[in-house]
Structures are given as structure tokens and as C-alpha cells.
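# An overview of the molecular structure
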Amino acid sequence: NSNAATIAELLQGQAGLHVTDLFGDGSQASFDLRGFGPSASSNTLILVDGRRLNHSADSAAADLSALDPDDIERIEILQGSAGVLYGNQAVGGVVNIIRRRVRDNQLVTGLGLSSFGGGELRANVDQIIGATLLSVTLKHEDRDNYRDHNKTERSDASIRAERQHAGFKGYIDLDVSDENYQTPGALLLNELEDDRRQSLPFYEQDYFNTESQALRIGVEKNLSAERSVTVDVTQRNSKREFIQTFRPFPGSKTSQDRETTSLNTLFRITPDTPQSFSSLVVGVDIEQTDYELRSMFGPQAIDQNIADLYFSSHWLAGLNGQFDFGVRYSDKQAEI
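Residues numbered from 1 in each chain as written. Predicted model: local features only at pLDDT ≥ 70, side-chain atom pairs only at ≥ 80, totals over all residues. Heavy atoms only, no water.

### Concerning the side chain of Arg99
The condition that has to hold: Every helix listed is a DSSP run of H or I at least four residues long, and every strand listed is a run of E at least two residues long, numbered separately from the N terminus. Here a residue-residue contact requires only that any non-hydrogen atoms of the pair lie within 4.5 Å.
Relative to the assigned elements, Arg99 resides in strand 6 (residues 93-99). Ignoring anything within four residues of it in the chain, the contact list for Arg99 reads Val48, Asp49, Leu67, Asp71, Ile72, Glu73, Ser158, Arg160, Asp173 and Asp175.

Below, the structure written as C-alpha cells:
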């Protein structure tokens, strides 16, 4: 009902959540819970269907531009530390974006036009095949934008498949995106007064190009009415090239490559009729990240491995109280 065009725009009106959106489309948006300021990207965890978007090896902002508000069922905002369940990136809180599930066979197409040469094409196909739910979304955006040398172009594809049978659930998610941005650069006050839409000649080579892929495969199994286990594997790759000029220093070509592989396992006990004991969660998270930055100063690389073991339980205290207890042990090894 908000008519927000992006997830970042949708969340800007939420109390207690500060959103800084560099490009205005969510691709470089920073979300701040509990006032962490410049380090917010490292302390506010962003999840999509429980899959983390934060980069653990550096403080780059999560990319939300591929998500369409029409695909969102709800967004859960947890203010306050959730470090036991999610790790050190959730010290400020968690924003979990839940995409809608396939409910019926349908084909939805859309065409959007906006000022400054903006255009958007979108198509979504949902199909139910027996016990399998399949959703395919394709999207392309092209905009000239307000400033000169500020053209943006982005293509996204998303495929989600889910199958449920006899207490078993298996799912595969694949997201691919290709984004290209021309950046117009900063203007001095006299240049702004002369023509606020201009881009000066020494910015004409500036740009941001990013290609990214994310593949997630997971299974959930109900061991009994009260016990379940989940195993989830995610592979994320991102390749970015850019030139940014900061006067009086000319820009040079810089590249950032990230490759992250994570394994998450979770065992949960939730009694149907709790007395004092409400739930128990035991999990193991393993993440391996290769990061390389190549610039005029030479290559800089980080090879990071993180292994976490955590335990969390909830106990009812009378009719109106609850006691929570949890602990997480994390072992991080990094080579720089």
C-alpha cells in the first residue's frame, strides 16, 4: 500500500531504522539499527528468506535492488542484538525479508515508464506441478536519470523451486543480476549553480559494473511432531569493476571479487503443548570467503574462514513471562 518502488524506500519510514541509499535503488543501501553509523553494514544483518546478504570479509552494503516489492510477503525487523542466533553481524538487529510463496498458477507481466528516460519490463511465472512449487521472475530496468552521464541499466533473473512431501521440504533458489551504472561525480557550488544536471569531462570514464550470482540449496525434515532439522548450503559470487574520480585525483580502474560459501545446519525442538520449556535450537554455521581488491595500490586479498556453534532455549515463566538463554562460540581465521 505504500507505493514504494524499492525495498530501501519501503523501509525508510520504519521507526528506529535509518536507511542510507547511495544510488536510490537499494543496490548500495545501508541499514542502521541502534545507531552504529559508519559501521552499520557490519552490525545490522540483512536476510532474504533467512539467507544472509551481508559481506563478512568487508563492510560493503548488501544489494537489495534485485528484490521487487511486489514479491515481498512481509518484512520482519528485530531491534536489539540477535548475536546468539545469527552471529556478530546481528549486534544491532536483523531485517529479514520474506518473499511470497507460490499459491496458484499465474503469469504476471508489467511495463513501467518514468521521467528522465526510465523504463522497466518485468515478467513472473508461478507454476504448481504436483507437490512442486516453481517461480521464475525476469526483470530489466533502463534509466537515463536526472544528471548527465548517469545512465543505469540492470537485468535480474530469479528461479525458486520448492517441493514438500511427507514432512520433507527441499528447495533451490538461484538469483542472477547484472548492473551497470554511469556515475556523474560531484560538483562544486559554482558548478551546481551554473547547471546542477551537468557532469564534468573528467568524470566521463566513471562507472560501476557488477555481476553477481547466488545459489541456495536446502532441505528441511520433520523428525517428529516436535523435532525438525534443516541443512542449507549457499554459494555467492560477486564481481565488480569501477572507476571513481575524486578531484583533484583522477580515477583508475578498480575491481572487487567476492566468493562466499556457507553451510548452515539447525536442529529445533518445539513442544506442541509446552509447560515450562518452550523451545530449543542448536546450530552450526560454517562460512568460507575469498575476497580480492585490485587497484592502483596493488592487489589486496582476504581469505577468511568462520565456524560457529550456538545454542538457544526459551523457558516460560508463568503466564506472562519468558526466560531466554543462549550462547554462541565462534572461531574465525583470516589470511590477509
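Resuming the write-up.
### Quick look at a nonpolar patch on the surface
Applicable threshold: Only residues whose relative accessible area exceeds 30% and that take part in no salt bridge are eligible for patches, with like-charged residues grouped when within 9 Å of each other and nonpolar side chains (Val, Leu, Ile, Met, Phe, Trp, Tyr) grouped when within 5 Å. All accessible areas in this document rest on Shrake-Rupley with a 1.4 Å probe, and a residue is counted as covered only by the protein chains that are shown. Within this document, salt bridges are pairs made up of a side-chain nitrogen of Lys or Arg and a carboxyl oxygen of Asp or Glu, the two lying within 4 Å of each other.
A grouping of Phe168, Val219, Val231, Val233, Leu263, Val282, Val284, Ile286, Leu309 and Tyr329 is seen on the molecular surface, where their side chains present a nonpolar patch of about 770 Å² in accessible area. Breaking the nonpolar patch down by element, the ones donating at least two residues are strand 13 (227-243) and strand 15 (277-295). Ranked by residue count, the leading element in the nonpolar patch is strand 15, at three residues. Structurally, the position occupied by Val233 is in strand 13.

### Overview of the sheet that holds strand 5 (residues 72-79)
Strand pairing in a sheet is mediated by backbone hydrogen bonds. Such pairs are either parallel or antiparallel. To keep things clear, this is the line we draw: Following DSSP output, two strands are said to pair if at least two bridges run between them.
With mixed pairing, the four strands of this open sheet are ordered in space as 4-3-6-5. Single-partner strands in this sheet number two, and they are strand 4 (51-52) and strand 5. Bridge count for strand 3 (residues 44-48) against strand 6 is five bridges, and the pairing is parallel. Pairing of Ile46 across the sheet is with Val95, part of strand 6.

### Observations concerning the pattern of salt bridges
So the rule is basically this: For every residue, the accessible area (1.4 Å probe, protein chains only) is compared with the maximum for its type, and the residue is labelled buried under 20%, exposed over 50%, or partly exposed between those bounds.
The full count for this structure, using the stated rule, is 28 salt bridges. Two residues, Asp68 and Arg122, come together in a salt bridge whose shortest N-O distance is 3.0 Å. Separated by 54 residues along the polypeptide, Asp68 in the loop between strand 4 and strand 5 and Arg122 in strand 8 (residues 118-129) bring together distant segments of the chain. A relative accessible area of 7% means that Asp68 is categorised as buried. Residue classification places Arg122 among the buried residues on the basis of a relative accessible area of 11%. A salt bridge links Arg99 to Asp173; its shortest N-O distance comes to 3.6 Å. You can see Arg99 sitting in strand 6 and its partner Asp173 sitting in strand 11 (residues 168-182), a full 74 residues away along the chain. The exposure class assigned to Arg99 is buried, which follows from its relative accessible area of 7%.

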